[in-house]
Amino acid sequence: PENPLGNNLEEPQQINPVIVKTASKSRAEAARRRELRKAGKDVPKTDADIEEEKRNEHTLTITEVCEKFSSDAKNGISQDLYRKNLEEYGPNILTPPPEKYWLIVLIEHMTGFFSLLLWGAGVLCFVAFGIDNDSVDNLYLGVVLVAVVILTGLFSYYQDAKSASVMAGFKNFLPEKTLVTREG
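Residues numbered from 1 in each chain as written. Predicted model: local features only at pLDDT ≥ 70, side-chain atom pairs only at ≥ 80, totals over all residues. Heavy atoms only, no water.

A. Region of the structure containing the overall build of the protein. For the protein, the count of helices and strands is 8 helices and 0 strands. Taken from N to C terminus, the helices and strands of the protein fall in the order α-α-α-α-α-α-α-α. Burial status across the protein gives 15% buried among its 184 residues. The contacts of the protein with a sequence gap of at least 6 include a subset with a gap of at least 24, amounting to 51%. As presented, the protein carries roughly 15200 Å² of accessible surface, and 61% of it is formed by carbon and sulfur atoms. (Helix = DSSP H or I, 4+ residues; strand = E, 2+ residues; numbered from the N terminus. Buried < 20%, exposed > 50% of the residue type's maximum accessible area, 1.4 Å probe, protein only. Contact = heavy atoms within 4.5 Å. Areas by Shrake-Rupley, 256 points an atom, 1.4 Å probe, with all protein chains shown as cover.)

B. Highlighting the packing of aromatic side chains. According to the stated counting rule, one finds 1 aromatic pair in the structure shown. Consider the rings of Y101 and W102, whose centres lie 5.9 Å apart with planes at 50 degrees: the pair is tilted. The exposure class of W102 is partly exposed, given its relative accessible area of 45%. (Phe/Tyr/Trp six-rings, centres within 6.5 Å; stacked < 30°, edge-to-face > 60°.)

C. Quick peek at the packing of helix α7 (residues 113-131) against helix α8 (residues 137-170). One can describe the packing of α7 onto α8 by two numbers: an axis separation of 8 Å at closest approach and a directional angle of 155 degrees. When the axis of α7 is compared with that of α8, the two are roughly antiparallel. In this structure, α7 meets α8 at a crossing whose hand is left-handed. Here S115, L118, W119, A121, G122, C125, F126, A128 and F129 of α7 lie close against α8, whose contacting residues are N138, L139, L141, G142, V143, L145, V146, V148, V149 and I150. (Axes fitted to C-alpha atoms, helices over the stretch in contact; angles between N-to-C directions. Parallel < 35°, antiparallel > 145°, perpendicular 65-115°, else oblique. Left-handed = near helix turned anticlockwise from the far one by under 90°.)

D. Structural detail: the pattern of salt bridges. Per the stated rule, a full pass over the model turns up 2 salt bridges. Note that E108 is salt-bridged to K100, the shortest N-O span being 2.9 Å. For E108, a relative accessible area of 40% corresponds to the partly exposed category. (Salt bridge = Lys/Arg side-chain N within 4 Å of Asp/Glu carboxyl O.)

E. Quick peek at the confidence of the model for the protein. Model confidence for the protein is summarised by a mean pLDDT of 79, while 82% of its residues fall at 70 or above. Across residues 1-24, where pLDDT falls below 50, the model places 20 contacts with residues more than four positions away in sequence or in other chains. (pLDDT = per-residue confidence, 0-100.)

F. Just helix α6 (residues 102-110), in detail. Residues of α6 that are buried: V105, L106 and M110. With its buried residues spanning 135 degrees around the axis, α6 presents them on a single face. Residues of α6 that are buried sit in contact with α7 and α8. (Arc of directions from axis to C-beta.)

G. Structural context of the packing of α6 against α8. One can describe the packing of α6 onto α8 by two numbers: an axis separation of 8 Å at closest approach and a directional angle of 130 degrees. Classed by the angle they form, the pair α6 and α8 counts as oblique. As α6 packs across α8, the resulting crossing turns out to be right-handed. Counted together, W102, V105, L106, H109 and M110 of α6 and V149, I150, G153, L154, S156, Y157 and D160 of α8 form the full contact between these two elements. Class assignment of the residues belonging to the contact of α6 with α8 gives a composition of 8 nonpolar, 3 polar and 1 charged. (Nonpolar A, V, L, I, M, F, W, Y, C, P; charged D, E, K, R; others polar.)

H. Summary view of unusual backbone geometry. One non-glycine residue, S70, lies in the positive phi region at around 50 degrees. Relative accessible area serves as the criterion here: at 53%, S70 is assigned to the exposed category.

Next up, the structure:
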């Protein structure tokens, strides 16, 4: 097929074929199911299989991508198609996920499964000290358990907040504007 970008360029698959390996279990499972289907086995398609089949732009040639999206590599899409796509799909922007209030995140870090076990053990130690005031060991153990839960919760919250700020910094790497071609 003729290259829409000009005769001096080759299709990407002809220049550098890329084999992508994935460690994802869901993708590996989808690949296994595709192989079983190719071998003639009757394997029902899941919703994930159907969605993955729809997202194949990375395997298409430039010409095929242009055909799939009713576009032209030299002239872009028409204003009418742009308006129709804008109405149907909305603006082409990344929307960040809703952020949780910092106190809720901190409480979540202090109430994980293992943390709840330690909280329960600490409470039992305080109850045991309340029953028998002569044994100070239960009081010390309860204080240590509660301190461990609080410190590990604060530390994991700090790490989470630090990684979130690093991820927010990646937004600065994304260009805010891009050049598009419409109707030549």
